[in-house]
Amino acid sequence: MLDVTPRQRRLPPRRHPRSFTHGSTVGPIPDTPLPEPAILARMQRYAGVIARYDGMVAVVRERYEAWDAPYWNLPSGAVEDGETPADGAVRELREESGLVAAAGDLELVWTTRTTADGHVTSRSWNYVVDVSDPAFAVDDPDGSVMEVRWVPVEDAVRLLSKMPYPPIAVPAVDYLAYGIRGRDWGFTLYGETWSWDQ
């Protein structure tokens, strides 16, 4: 299992070490659209969902240029202009898996913030929801999702722990393994080495 204690982790080699498609983000930020000042020109917002059905978790197998291979992930992606993080999470869940949930049914379980070169580069809000219809129908406009499936929680922990991007992997594994809600994770990138705390 992935070690989720605060520490440093060296990234595996990759073609573009600083080009990340997904990020993570901060806790006490409201679940409403943020204003668009100059800082948001450099900061990305992301949202992800742990979708559950009958004791299983939905995971998606994705490929990104910044990663050395396809990896399993939770349905997640960028929050678009004018969306709340919850609205973005619902849209990403629908696009990447076909699963349907209402923003009001999502429960916020953790947030993250990533920092590089002394600047907050991304924030993410991560939710959990139980879905009533387990049918998948991928409609991913980015074309990064290769496969989606239901897996037991322990398999989700194993699959997610292999992901090379700690701001996604560490909080997801921690929540699925221990069920602790409300953590506000901070990840800092120094060169190609990540450190984090919660």
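Just above sits the structure.
Residues numbered from 1 in each chain as written. Predicted model: local features only at pLDDT ≥ 70, side-chain atom pairs only at ≥ 80, totals over all residues. Heavy atoms only, no water.

**Topic: the side chain of Arg45**
Next, step 1: Mapped onto the fold, Arg45 is located in strand 2 (residues 44-53).
Next, step 2: With a relative accessible area of 6%, Arg45 lands in the buried category.
Next, step 3: One polar contact links the side chain of Arg45 to the main-chain carbonyl oxygen of Glu83, over a distance of 3.5 Å. (Helix = DSSP H or I, 4+ residues; strand = E, 2+ residues; numbered from the N terminus. Buried < 20%, exposed > 50% of the residue type's maximum accessible area, 1.4 Å probe, protein only. Polar contact = N/O pair within 3.5 Å; in protein donor to acceptor, adjacent residues only side chain to side chain.)

**Focus: the nonpolar core**
Next, step 1: Core analysis: the largest hydrophobic core is formed by 32 residues, its most contacted members being Ile50, Trp110 and Leu176.
Next, step 2: For this core, the secondary structure elements donating two or more residues are strand 3 (56-62), strand 4 (71-73), strand 6 (107-116), helix 3 (153-160), helix 4 (166-178), strand 9 (183-190) and strand 10 (193-197).
Next, step 3: For this core, the element with the most residues is helix 4, which contributes seven residues.
Next, step 4: Ignoring any residue separated from it by four or fewer positions in sequence, one finds Ile50 in contact with Val57, Leu74, Trp110, Tyr127, Val128, Val129, Tyr175 and Leu176.
Next, step 5: In this structure, Ala89, Val90, Trp125 and Tyr127 belong to the second largest nonpolar core, which totals 17 residues. (Core = buried A, V, L, I, M, F, W, Y, C linked by side-chain atoms within 4.5 Å. Contact = heavy atoms within 4.5 Å.)

**A word on the pairing of strand 7 (residues 119-130)**
Next, step 1: Pairing analysis gives nine bridges linking strand 2 to strand 7, with the strands arranged parallel. Note that in strand 7 the partner of Arg52 across the bridge is Asp130.
Next, step 2: Summarising the sheet, strand 6 and strand 7 pair through nine bridges and their orientation is antiparallel. In the strand pairing of strand 7, Glu107 is matched with Val128. (Pairing = 2+ DSSP bridges.)

**Observations concerning the pairing of strand 9**
Next, step 1: Inspection of the sheet shows strand 6 paired to strand 9 by seven bridges, in the parallel sense. Within strand 9, the residue paired with Ala116 across the bridge is Leu189.
Next, step 2: Bridge analysis of strand 9 against strand 10 gives five bridges, and the strand direction is antiparallel. What sits directly across from Leu189, in strand 10, is Trp194.

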